[in-house]
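# Coordinate inspection notes
Now for the letters of each chain:
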Protein chains: 2
Amino acid sequence: MDKGLEKNITIADVAEALGVSKTTVSRAISGKGRIGRETRERVLAYIEEHDYKPNVIAKGLAQSKTYNICVVMPGEYDVVDLTFFQECLFGIQEIAGSMEYDILLSICRKNDISSLERIIANHKVDGVILMRTFVEDEQIDFLQTKNVPFVTIGSTSANYKGVIQIDHNHKSACKELTSIILMKQMDKIALIGGNEEHVVTQSRLRGFREAYAKMGKTLDEDLMFLSQDNQVLVEKAVKEALNRQADCILCMDDAVCSRVLKTLRQQHVKVPEDVRVASFYNSMVLENNVPSITSLSFDAKELGMVACRTLLDLTEGLEVKERTLLPYEVVLKESTK
Amino acid sequence: MDKGLEKNITIADVAEALGVSKTTVSRAISGKGRIGRETRERVLAYIEEHDYKPNVIAKGLAQSKTYNICVVMPGEYDVVDLTFFQECLFGIQEIAGSMEYDILLSICRKNDISSLERIIANHKVDGVILMRTFVEDEQIDFLQTKNVPFVTIGSTSANYKGVIQIDHNHKSACKELTSIILMKQMDKIALIGGNEEHVVTQSRLRGFREAYAKMGKTLDEDLMFLSQDNQVLVEKAVKEALNRQADCILCMDDAVCSRVLKTLRQQHVKVPEDVRVASFYNSMVLENNVPSITSLSFDAKELGMVACRTLLDLTEGLEVKERTLLPYEVVLKESTK
DNA sequence: CTGAAAGCGCTTACAG
DNA sequence: CTGAAAGCGCTTACAG
């Protein structure tokens, strides 16, 4: 029946050993409240020597805090999304750890947020980071009615007011990449796109359209293939695009892009000789492709770091910006030569 | 300065509202201790109606438990590993959630386990699941000296005694796949292999060798390329293997396999016409490859579920098996036709 | 500058 | 069957 965990030394033990009160020990550790320099140093020395670590749980209970944040990860995903989430997590963990916070993981499917609900009901966290949002988002509804501090990675639909969002500037990025391609005299651009329920898809689409407007060109709606979210649909779209003589295929994300490339390979269509290809996202999956793929470049870890820092500020009651947009790079490679 | 979280209803509130003691309320909820049926039902009804949820943190403090488990995820990984970790996580979360436990995530690099150390020092979890182990493993050393209950996903080196391990039967699986290939009259098998510091690599190697022994064939050490853990090394190994007329390339994991396939593509070597290919692991990355790749098939989610269940038993002081081996399948596809 | 005491929201012997 | 009280390990007014 032994739990295995050693009986731990508590604040009472060090107080007794030093002949001071628990209050004093607590003050020495937290640095709050007046305390004599000498006393504080004695306490600190003892703590150091005996390797005392405060019980964060108890501390949290006394302060009505948990020193945990929840990050919710989508339960449905494409392989290529995974590296993005992972990178974000690295960033979040780096900041959280440095502030003595830990990460509670919640996996939520679009129609099942029970894991998140339980965590909130159980008072296990001080705030939440949403790694993906939908145009209609149950998670946001829930968190807002429960009044839980949260931030989203990626932008949220305009339906939601007052949501703190940390995102890359997808619209500008897509606009810039599209513009560059248009400038290269590829006029027949086929756009093959991801899940329209993801807010980011909308931003990308907007950037794409704005590029056309800016360049004074009109886009061919027959070359727009949205919501092609599986291999079969992508294959059909690619064939259709080729039939219509598209000279460039723009992929709205890397899941789409890897499917497009696969289809082209099967069809023995050469990139960039027969058709150019570019992606509105960047990922490790495409990193090693032959030929290398023109794409945007975003720093997902940075996104995680900023999101975490913002959430922590928020839980402390600090003022935070509603929308933070991080920069991007356009990376031109062989696939659009 | 508003924390945002509503003031929550506590056990004291419901006790007062019902004119009973906190003890009684507590008993009604936990089901422990004697309590009148009618009283219990009154309490339960009130709780239900007012949507009272016990504060798990406080409960944990009183019981010296946290209702959290830590899962440590490797900080260095190949893209193809990610789906494995993700699947495991799904399994872990499913079981943990059903037992009202949550997952605290720790990301550890081989030489930096500070995140895990902090979580343990802070008493934040009741036990730990290690998602990857090394032949020399700091994490295990640490957890053992701290006397923290833990289980590993994957086997651990024989250097460590008494470690609870949940694994697929890699050795048998590799032995079986290798045997099948040998039976198909491919005698010149090139083995291109992953990180030798991972315990699983050793198991795979053993299975490979045993297959040769069983079939009464001698293996060609010149066709064994171990620790080829980047694109450059894999390329060299593939070329060397082709030079030596290998008729099948066996990849020790999918990271290697995707690199091998890439190299073969670049060299315009056809699979399976010019050389056969098979992998000692299965992943979503290879799922869509053309041609389809012969590989082993393991259920990572199941692994996570069993690991979590075992850890929970362990923290409760129940007897658990030191080593649990889950079954596998051999999936023959076009690449070894 | 320091300490006794109450409190965070639960559980659990102990007594009745 | 039920309750008063002590305890889990901290923090924090309040008083001195």
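From a predicted model like this one, the values you see are computed outputs, not experimental measurements. (Residues numbered from 1 in each chain as written. Chains lettered and ligands numbered in written order. Predicted model: local features only at pLDDT ≥ 70, side-chain atom pairs only at ≥ 80, totals over all residues. Heavy atoms only, no water.)

Residue and element names in this part refer to chain B. The mixed open sheet is built from six strands, whose spatial order is S7-S6-S8-S9-S10-S12. Each of the sheet's edge strands pairs with one partner strand only, and the pair in question is strand S7 (224–225) and strand S12 (329–331). Relative to the sheet, helix H8 (residues 170–183) contacts strand S6 (189–192), strand S8 (248–251), strand S9 (276–279), strand S10 (294–297) and S12, its axis offset from that of S10 by approximately 155 degrees. Packed on one face of the sheet, helix H11 (residues 254–266) meets S6, S8 and S9 and runs near 160 degrees to S9. (Pairing = 2+ DSSP bridges. Helix = DSSP H or I, 4+ residues; strand = E, 2+ residues; numbered from the N terminus. Contact = heavy atoms within 4.5 Å. Axes fitted to C-alpha atoms, helices over the stretch in contact; angles between N-to-C directions.)

Right, let's talk about the UniProt feature "domain: HTH lacI-type" (unreviewed entry) in chain A for a bit. Residues annotated by UniProt as "domain: HTH lacI-type" (unreviewed entry) correspond here to residues 9–63 of chain A. Secondary structure content for residues 9–63 of chain A is 71% helix and 0% strand, while the C-alpha to C-alpha distance between its ends is 21 Å. (UniProt positions renumbered as here; feature names shortened; annotations may be inferred.)

It is worth spelling out the side chain of Ser 203 of chain A at this point. All names here are of chain A. Tracing the chain through its elements places Ser 203 in helix H9 (residues 199–215). Note on Ser 203: relative accessible area 10%, which makes it buried. Discounting residues that sit within four places of it in the chain, Ser 203 has contacts with His 170 and Lys 171. (Buried < 20%, exposed > 50% of the residue type's maximum accessible area, 1.4 Å probe, protein only.)

Attention shifts here to the relation of the copies chain B and chain A. After a rotation of 180 degrees and a shift along the axis of 0.0 Å, chain B superposes on chain A with an RMSD of 0.0 Å. Taken together, the rotation and translation describe the operation of a two-fold axis. Considering only C-alpha atoms, the residue of chain B closest to the rotation axis is Leu 104 of chain B, which sits at 2.3 Å. An overlap of 100% is found between the interface residues of chain B and their copies at the interface of chain A, pointing to a shared contact surface. (Least-squares fit on C-alpha atoms with pLDDT ≥ 70 in both.)

Looking now at unusual backbone geometry. A cis amide bond links Val 271 of chain A to the next residue, Pro 272 of chain A, at an omega of 0 degrees. With phi around 60 degrees, His 123 of chain B is a residue other than glycine that occupies positive phi space. Within the secondary structure, His 123 of chain B is located in the loop between helix H6 (114–121) and strand S3 (127–130). For His 268 of chain B, which is not a glycine, the phi torsion comes out positive at approximately 55 degrees. In this structure, His 268 of chain B sits in the loop between H11 and S9.

Residues and elements named next belong to chain A. Overall, the coordinates contain ten aromatic pairs over all chains when judged by the stated rule. Taking 5.3 Å as the distance between ring centres and 50 degrees as the angle between the ring planes, the aromatic pair formed by Tyr 67 and Tyr 101 counts as tilted. Note that Tyr 67 is positioned in the loop between helix H4 (56–63) and strand S1 (68–74) and Tyr 101 in the loop between helix H5 (79–98) and strand S2 (102–108), a separation of 34 residues in sequence. By relative accessible area, Tyr 67 is classed as buried at 10%. (Phe/Tyr/Trp six-rings, centres within 6.5 Å; stacked < 30°, edge-to-face > 60°.)

Glancing now at the protein's contact with DNA strand D. Of all residues adjacent to DNA strand D, which total 27 residues, the nearest are Ser 26 of chain A together with Thr 24, Arg 34, Gly 36 and Thr 39 of chain B. Within 4 Å of the protein, the contacting atoms of DNA strand D are 61% sugar and phosphate, with bases supplying the remainder. One nitrogen or oxygen atom from the main chain of Ser 21 of chain B is found 3.2 Å from a phosphate oxygen belonging to DNA strand D. A distance of 3.3 Å separates a base oxygen of DNA strand D from a polar backbone atom of Ala 62 of chain B. Looking at the surface near DNA strand D, the elements with two or more residues in it are helix H2 (22–30) and H4 of chain A together with helix H2 (22–30) and helix H4 (56–63) of chain B. Counted by class, the surface near DNA strand D contains nine nonpolar, ten polar and eight charged residues. (Near = heavy atom within 4 Å. Polar contact = N/O pair within 3.5 Å; in protein donor to acceptor, adjacent residues only side chain to side chain. Nonpolar A, V, L, I, M, F, W, Y, C, P; charged D, E, K, R; others polar.)

Before going further, it helps to examine the interface of chain B and chain A. Contact residues are listed per partner, giving 62 residues for chain B and 62 residues for chain A. Between chain B and chain A, roughly 5600 Å² of surface is buried when both sides are summed, and carbon and sulfur atoms account for 57% of that area. Linking chain B to chain A there are seven salt bridges. For Asp 102 of chain A, the salt bridge goes to Lys 124 of chain B, with nearest N and O atoms at 3.1 Å. The tally of links from chain B across to chain A stands at 18 residue pairs in polar contact (both at pLDDT 80 or more). Counting only elements with at least two residues in the side of chain B that touches chain A, the list comes to H4, strand S1 (68–74), helix H5 (79–98), strand S2 (102–108), H6, helix H7 (138–146), H11 and helix H12 (284–287) of chain B. The dominant element in the side of chain B that touches chain A, judged by the number of residues it contributes, is H5 of chain B, at nine residues. Split by residue class, the side of chain B that touches chain A holds 28 nonpolar, 21 polar and 13 charged. (Buried area = accessible area lost by both parts, 1.4 Å probe. Salt bridge = Lys/Arg side-chain N within 4 Å of Asp/Glu carboxyl O.)

Note: interface size is frequently given as the accessible area lost on complex formation between the parts. According to the domain assignment, chain A contains domain 1 (11–54), domain 2 (68–168 + 300–327) and domain 3 (170–298 + 331–336). Measuring from the centre of the C-alpha atoms in domain 1 of chain A to the corresponding centre in domain 2 of chain A gives 36 Å. (Domains from an automatic or database assignment.)

Our next topic: the pairing of strand S5 (residues 164–168) of chain A. Within a regular strand, side chains alternate between the sheet's two faces. Residues and elements named next belong to chain A. S5 sits mainly inside the fold: five of its five residues count as buried. Going residue by residue along S5, you find Ile 164, Ile 166 and His 168 tucked away on one face and Gln 165 and Asp 167 tucked away on the opposite face as well. Bridge count between strand S4 (residues 150–153) and S5: three bridges; the pairing is parallel. Residue Val 151 lies in a different strand from S5, and its bridge partner there is Ile 164.

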